[in-house]
There are 2 protein chains.
Amino acid sequence: MKIEVVGLDADDTLWHSEDGFHDITERYLDLVGPYADGRDRADVMSNLAAVERMNLGHFGYGVKAFTLTMVEAAIDVTDGRIPTTALPAIVALGKELLARPVELLPGVAETVPRLAETHRLLLITKGDLLHQERKIEQCGLAHHFEELEIVTEKDPDTYARILHEHDVSPERFLMVGNSVKSDVLPVLAIGARAVHIPYEFLWAEEHAEHDGTVPELRSITQLPAWLDAVESD
Amino acid sequence: MKIEVVGLDADDTLWHSEDGFHDITERYLDLVGPYADGRDRADVMSNLAAVERMNLGHFGYGVKAFTLTMVEAAIDVTDGRIPTTALPAIVALGKELLARPVELLPGVAETVPRLAETHRLLLITKGDLLHQERKIEQCGLAHHFEELEIVTEKDPDTYARILHEHDVSPERFLMVGNSVKSDVLPVLAIGARAVHIPYEFLWAEEHAEHDGTVPELRSITQLPAWLDAVESD
């Protein structure tokens, strides 16, 4: 059956993102480690993850939330022994990540325009509004999308609202992304389809499993052929 | 001439917001003052405003951005003398502000449903996506609005895009809000109309002047009568 609308996730589907968090996390561990007496790197890391999880309800997703989490965790994991003067370097990690230029994943620059010739495209992403808008603007692909949907949570209600707004029925909607939790399961829950394209790194909070029946592609470059095959079924 | 669509600002137009920033700023000054040797309260305040202005390009608007600014400013204005253990109290101010229940301004609960009977309503606000969505959900008025537009910047381009999306011409659009800079001037710039309803506090970064010809109301409760008068002209 013909798919009318393709939703594409952005971070780690169109461009690199999680590798940046991975990188500043390593540098956070380097900065904080010397003051975390008696705790090894894995300990400092699991403290950071715990503070992040605790803060998710307060701060939501994105770099600003993660920067506040790093500040809190650095004080917590060192029992206040990290000197105040070491903290601006942690805030600077967040600013650096916000300022990082967008780097498209391989094949995205060619594949998105090709998909736009055959399907209505929506970009559906969560995270910080300002940061996401900047990345969308920088990526040079915004004009291929019918709309840019920046949402706070990718749950079934969110997808149902988006499909309703764009007047497309679930069986004619396909979501494509790197997160089973955000891009696959809630989409299946409303009766639409999903394709999973894993990325090298996955944030622990995004981890989820599907039942093994969800199509998985190695790269977005395989998507046009996949669509062709499915639609001629 | 009949106005078709009324855009309403949210923070300090529908509900209290700036008073919360005002309150946590006072408490920031109480916390940081004792470590800011040789600087008086006004000095500490102007340092905070300077760091905030510097960070606007990095972090944008909203409570998370302001919390990061408070952390940076506290270290800066005390030349690192504030102890690390005093900083979690500053992050806690931000969490407290995020968790503060929405408190509608007087007359809003009655006036918004009344306006919705006669006009298509848009809620147009900037700031943090998660925080704004929560406030909109909590306020109990969301269903009166045709759409909730959470934007990163209220400039003429943003308003032009919104009017285009909602298929309304500038002469049939009215924007109502407390900020001359965000709710009045960019709206006049695209040939639409604006009504200014000042709030008790105004963030310094939002300060701007209009030429004196913009209608100013004391309260949103005066808006239905104002619309009646203008539309029967």
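To keep things clear, this report deals only with the structure shown in the data block. (Residues numbered from 1 in each chain as written. Chains lettered and ligands numbered in written order. Predicted model: local features only at pLDDT ≥ 70, side-chain atom pairs only at ≥ 80, totals over all residues. Heavy atoms only, no water.)

Things to note about the overall build of chain A
For the record, the criterion: Only DSSP runs of H or I reaching four residues or more are called helices, and only runs of E reaching two or more are called strands; each is numbered from the N terminus. Radius of gyration here uses only the C-alpha atoms, and the compact-globule reference equals 2.2 Å multiplied by the residue count raised to the power 0.38. Only protein chains enter the accessibility calculation, which uses a 1.4 Å probe. A residue is then buried if its area is under 20% of the maximum for its type, exposed if over 50%, and partly exposed in between. Contacts were defined at the residue level, with two residues in contact if any of their heavy atoms lie within 4.5 Å. Note on areas: Shrake-Rupley, 1.4 Å probe, and residue coverage restricted to the protein chains presented here. Only four residue types enter the charge count: Lys and Arg as positive, Asp and Glu as negative, with His and the chain ends excluded. For this purpose, a charge sits on NZ of Lys, CZ of Arg, CG of Asp or CD of Glu.
Helix and strand counts for chain A stand at nine helices and five strands. Ordering the α and β elements of chain A from the N terminus gives β-α-α-α-α-α-β-α-β-α-β-α-β-α. Over its C-alpha trace chain A gives a radius of gyration of 19 Å, about what one expects of a compact globule, namely 17 Å for 233 residues. Within the span of chain A, comprising 233 residues, buried residues form 55% of the whole. For chain A, long-range pairs separated by at least 24 residues make up 68% of all intrachain contacts whose partners lie at least 6 apart in sequence. Working note: accessible area of chain A is about 9900 Å², and carbon and sulfur atoms make up 52% of it. Charge centroids of chain A, computed over 20 positive and 42 negative side chains, lie 2 Å from each other.

Examining the nonpolar core
As a reminder of what qualifies: Nine residue types can take part in a nonpolar core, namely buried Ala, Val, Leu, Ile, Met, Phe, Trp, Tyr and Cys, and a core is a set of them joined through side-chain atoms within 4.5 Å.
By size, the foremost hydrophobic cluster in this structure holds 58 residues, and its most contacted members are L8 and L223 of chain A together with L8 and L223 of chain B. In this structure, L97 of chain A together with V44, I90 and L97 of chain B belong to the second largest nonpolar core, which totals 56 residues.

A closer look at the environment of H210 of chain A
Residue and element names in this part refer to chain A. As for its position among the elements, H210 is in the loop between β5 (193–196) and α9 (223–231). A sequence separation of 115 residues divides H210 from K95, and the C-alpha atoms of the two residues are 35 Å apart. Leave out the neighbours within four places in its chain, and H210 touches V180, L185, H196 and E216.

Notes on the relation of the copies chain A and chain B
How we decide: All copies are superposed by least squares; the fitting set is the C-alpha atoms of residues with a pLDDT of at least 70 in both.
Mapping chain A onto chain B calls for a screw motion: a turn of 180° about the axis and a shift of 0.0 Å along it, with 0.0 Å RMSD after fitting. Each copy turns onto its partner about a two-fold axis. Residue T84 of chain A, judged by its C-alpha, is the member of chain A lying nearest the rotation axis, at 2.4 Å. Both copies share a contact surface, since 100% of the interface residues of chain A are interface residues in chain B too.

Considering the environment of H16 of chain B
Residue and element names in this part refer to chain B. The topology assignment puts H16 in the loop between β1 (5–8) and α1 (18–32). Note: C-alpha distance between H16 and F173 (157 residues apart in sequence) is 25 Å. Residues contacting H16, with those up to four places away along its chain left out, are R100, E103, L104, L105 and Y199.

Looking at the packing of aromatic side chains
All names here are of chain A. Going by this rule: Two rings from Phe, Tyr or Trp (for Trp, the six-membered ring) form a pair when their centres sit within 6.5 Å of each other. Planes less than 30 degrees apart are called stacked, planes more than 60 degrees apart edge-to-face, and all others tilted. Counting as a charge over the ring demands two things of the Lys NZ or Arg CZ atom: a distance within 6 Å of the ring centre and an angle within 35 degrees of the ring normal.
If you walk through the whole model with that rule in mind, you get two aromatic pairs over all chains. Judged by centre distance (5.5 Å) and plane angle (75°), the ring pair of F21 and F66 falls under edge-to-face. Placement of the pair is F21 in helix α1 (residues 18–32) and F66 in helix α3 (residues 63–77), with a sequence separation of 45 residues. Residue F21 shares its accessibility class with F66, and that shared class is buried. For K126, the ring lying beneath its charged end belongs to Y61, and the centroid distance is 4.0 Å.

Here we look at the interface of chain A and chain B
Heads up, the rule is: Definition used for salt bridges: Asp or Glu carboxyl oxygen within 4 Å of a side-chain nitrogen of Lys or Arg. Identification of polar contacts relies on pairs of N or O atoms within 3.5 Å, with a donor-acceptor requirement for protein atoms, meaning one able to donate a hydrogen and the other able to accept it, and with residues adjacent in sequence counted only if both atoms are side-chain atoms.
At the interface, 34 residues of chain A touch 34 residues of chain B. At the surface where chain A touches chain B, the tally comes to two salt bridges. Notably, a salt bridge pairs E72 of chain A with K95 of chain B, separated by 3.0 Å at the nearest N-O pair. Scanning the region where chain A abuts chain B turns up 13 residue pairs in polar contact (both at pLDDT 80 or more). Take the side of chain A that touches chain B: its biggest share by element is seven residues, from α3 of chain A.

Things to note about empty space enclosed by the protein
All names here are of chain A. This is how it is decided: Of the grid points, spaced at 1 Å and generated over the protein atoms alone, those admitting a 1.4 Å probe that cannot get out make up cavities, while open sets with protein on both sides within 12 Å along at least five of seven lines make up pockets; any residue with an atom within 4 Å of a point is treated as lining. Grid points are joined across faces, edges and corners, and a volume is the space filled by probe spheres set on the points. Each residue gets one label: Ala, Val, Leu, Ile, Met, Phe, Trp, Tyr, Cys and Pro are nonpolar, Asp, Glu, Lys and Arg are charged, and the others, such as Gly, are polar.
Taken as a whole and assessed by the stated rule, the structure comprises one cavity of 30 Å³ or more. Considering only enclosed or pocket space, the largest cavity measures out at about 40 Å³ in volume. If you go around the largest cavity, the residues you meet are L98, R100, V102, H131, R134, K135 and Q138. By residue number, the principal contributor to the lining of the largest cavity is helix α6 (residues 129–139), which donates four residues. For the lining of the largest cavity, the class distribution of residues is two nonpolar, two polar and three charged.

Any functional reading would require information that these geometric values do not contain.
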